[in-house]
Amino acid sequence: MADSVSFQQIGVLGWYFYMRTVDLITRKRDGEELAAEELQFIVDGYTRGEIPDYQMSAFLMATFFSGMSDREVGVITELMLRSGETLDLSNIKGLKVDKHSTGGVGDKTSLIAAPIAAAAGVPVPMISGRALGFTGGTLDKLESIPGFRTNLTVDEIKAQVAKIGLAFAGQSAQIAPADGLLYALRDASGTVESVPLIASSIMSKKLAEGIDALVLDVKVGNGAFIKRQIQARELAQIMVTIGRRANKKVVALLTDMNQPLGYAIGNALEIMEVSQTLQNGGPADLVRLSLELAARMIFLAKVTPTIEDARLLAEQKLLDGSGFKKFREVIAAQGGNPRVLDDFQLLPNATGMREISTPRGGYVAGIDAQLIGQAATLIGAGRATKEDAIDPAVGVILDVKVGAKVDSNSVLCRLYYRDDANVEEAAALVEDAFRISVNEPEKRELILEVVS
Ligand code: URA
């Protein structure tokens, strides 16, 4: 394919100059800051299909290594936002609030926090992503519910938020289409773990939603794209600043991702754990984080005067089952059968199971969440290429979490699969993920820091 070439008109003076994608890739590779017009050439050109995947992948890789200035991140976010429509939710009463995670393993908090917040009276228009790298995606999890539609139109999102207070949708040709295209390409080109690319991806679709406020869960650790707290803080600060410039209140929690969240990793398996959690049977870490995120949403929506009141309200909406009821309503509204939450046989189920046990006893001192996520991806829970289909039934269920005492031959986790092609490789990854020690590990904080 010929290289993309364009004559661009710059500013009011009407200067024209000649731009070639390859030159912009080279300059970004060499660490130069690109002008707004140059970033526009890249983002618009790729969104229109004029820049081929191989050049865009090279540009993303150059960005991965060279980074972007704050100005460039602001510009690229704006360009991605403007690649589609912005929802106007002004006729819906109340402050509209959303929540988004930077991506983790077993992170299903959106599916718990959003129904709880909506049940407390917060209107939530949620635009989520698909599995990325070794992490899962909210849309893929929801689509493991037979019939569940995430490709809602702008009008459908508005109508559903007005009627039941919550809609789960994905990017589309209408909403932040540039992010949809770049997200899929990053997933398949090893360019996910980049602060400017994560910040622009998240903030472009969030600003397209017509929200007033946003709660961000910035994951840090071996199961996150960002491994160090200092970098996570930088990412949080960039996103909070982008939000502030757009007149949105943004709060970011930095949270520990050094082991999977909850016990289930994999799409339908996670829906099962969401159902148990919304019925008060969830794992402690998942419950704690989901409630805190829901409380932050409730407080930002000004439903309660203090964050302490918001925490009490979130807990009440979990305990009295109204969060669960809200999730059922959303499933029904988006074409799924809410009975999947009571009868897990109605969800896709794996046909094979492999137990992984420990040869020696001791304490579980660490669980490398990235290796667990990679194992789940290998057996079909994620994608290796843009075109791959996900197998919604497969994944990993942990039997133990960090700190558990285990005997030799205790089961550590189980792999659930339908096609045994990669099971050996996945089992080897999972075996490597567990660290067993004679010493009891120190307890880690789940919520590390708040940036606002
Ligand atoms: N979530 C997103 O929407 N984009 C990213 O890049 C990472 C997490």
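Scroll up to find the structure this text is about.
Now for a look at the structure at hand.

What counts as what
Residues numbered from 1 in each chain as written. Predicted model: local features only at pLDDT ≥ 70, side-chain atom pairs only at ≥ 80, totals over all residues. Heavy atoms only, no water. Helix = DSSP H or I, 4+ residues; strand = E, 2+ residues; numbered from the N terminus. Rg over C-alpha atoms; globule rule 2.2 N^0.38 Å. Buried < 20%, exposed > 50% of the residue type's maximum accessible area, 1.4 Å probe, protein only. Contact = heavy atoms within 4.5 Å. Near = heavy atom within 4 Å. Polar contact = N/O pair within 3.5 Å; in protein donor to acceptor, adjacent residues only side chain to side chain. Pairing = 2+ DSSP bridges. Axes fitted to C-alpha atoms, helices over the stretch in contact; angles between N-to-C directions. Phe/Tyr/Trp six-rings, centres within 6.5 Å; stacked < 30°, edge-to-face > 60°. Lys NZ or Arg CZ within 6 Å of the ring centre and 35° of its normal.

As for the overall build of the protein
Part 1: Along its length, the protein carries 16 helices and 15 strands.
Part 2: Taken against the 2.2 N^0.38 rule, which gives 22 Å for 452 residues, the C-alpha radius of gyration of the protein at 22 Å falls within 12% of a compact globule.
Part 3: Here the C-alpha coordinates of the protein stretch approximately 75 × 50 × 40 Å along the principal axes.
Part 4: A buried classification covers 58% of the 452 residues belonging to the protein.
Part 5: Within the protein, residue pairs in contact and separated by at least 24 positions form 77% of the contacts whose partners lie at least 6 positions apart.

With respect to unusual backbone geometry
Part 1: Positive phi is not limited to glycine here, since N280 has a value of about 70 degrees.
Part 2: Among the secondary structure elements, N280 is positioned in the loop between α11 (267-278) and α12 (284-300).
Part 3: Classification of N280 by relative accessible area gives partly exposed; the value is 42%.
Part 4: Residues other than glycine seldom take positive phi values, yet N409 does so here, at roughly 75 degrees.
Part 5: Tracing the chain through its elements places N409 in the loop between β12 (405-406) and β13 (411-417).

Let's talk about the site of the ligand
Part 1: In the vicinity of the ligand, the contacting residues are H100, S101, T102, L132, Y183, R186, I198, S201, I202 and K205.
Part 2: For the ligand, an oxygen atom lies 3.0 Å from a polar atom in the side chain of H100.
Part 3: Within the side chain of R186, one N or O atom sits 2.8 Å away from an oxygen atom of the ligand.
Part 4: Every element with two or more residues in the shell around the ligand is listed here: β3 (97-101), α8 (177-189) and α9 (195-207).
Part 5: In terms of residues, the shell around the ligand owes the most to one element, α9, which gives four residues.

So, the sheet that holds β13
Pairing between the strands of a sheet comes from backbone hydrogen bonds, and it takes one of two forms, parallel or antiparallel.
Part 1: With respect to topology, four strands assemble into an open sheet ordered β8-β11-β13-β9, the strand pairing being antiparallel. Each edge of the open sheet is held by one strand with a lone partner, namely β8 (264-265) and β9 (352-357).
Part 2: Where β9 meets β13, six bridges bridge the pair, whose relative direction is antiparallel. Note that in β13 the partner of E355 across the bridge is R414.
Part 3: Contacts between helix α15 (residues 369-381) and the sheet are confined to β8, β11 (395-398) and β13, with β11 contributing the most and set at about 140 degrees to the helix.

Quick notes on the packing of aromatic side chains
Part 1: For the structure on display, the rule yields three aromatic pairs.
Part 2: On the basis of an interplanar angle of 80 degrees and a centroid distance of 5.0 Å, the ring pair of F64 and F65 is categorised as edge-to-face.
Part 3: Above the ring of Y263, the side-chain terminus of K401 is found at 5.7 Å from the ring centroid.
Part 4: Its guanidinium or amino end placed over the ring of Y363, K405 lies 5.6 Å from that ring's centre, counting from NZ or CZ.

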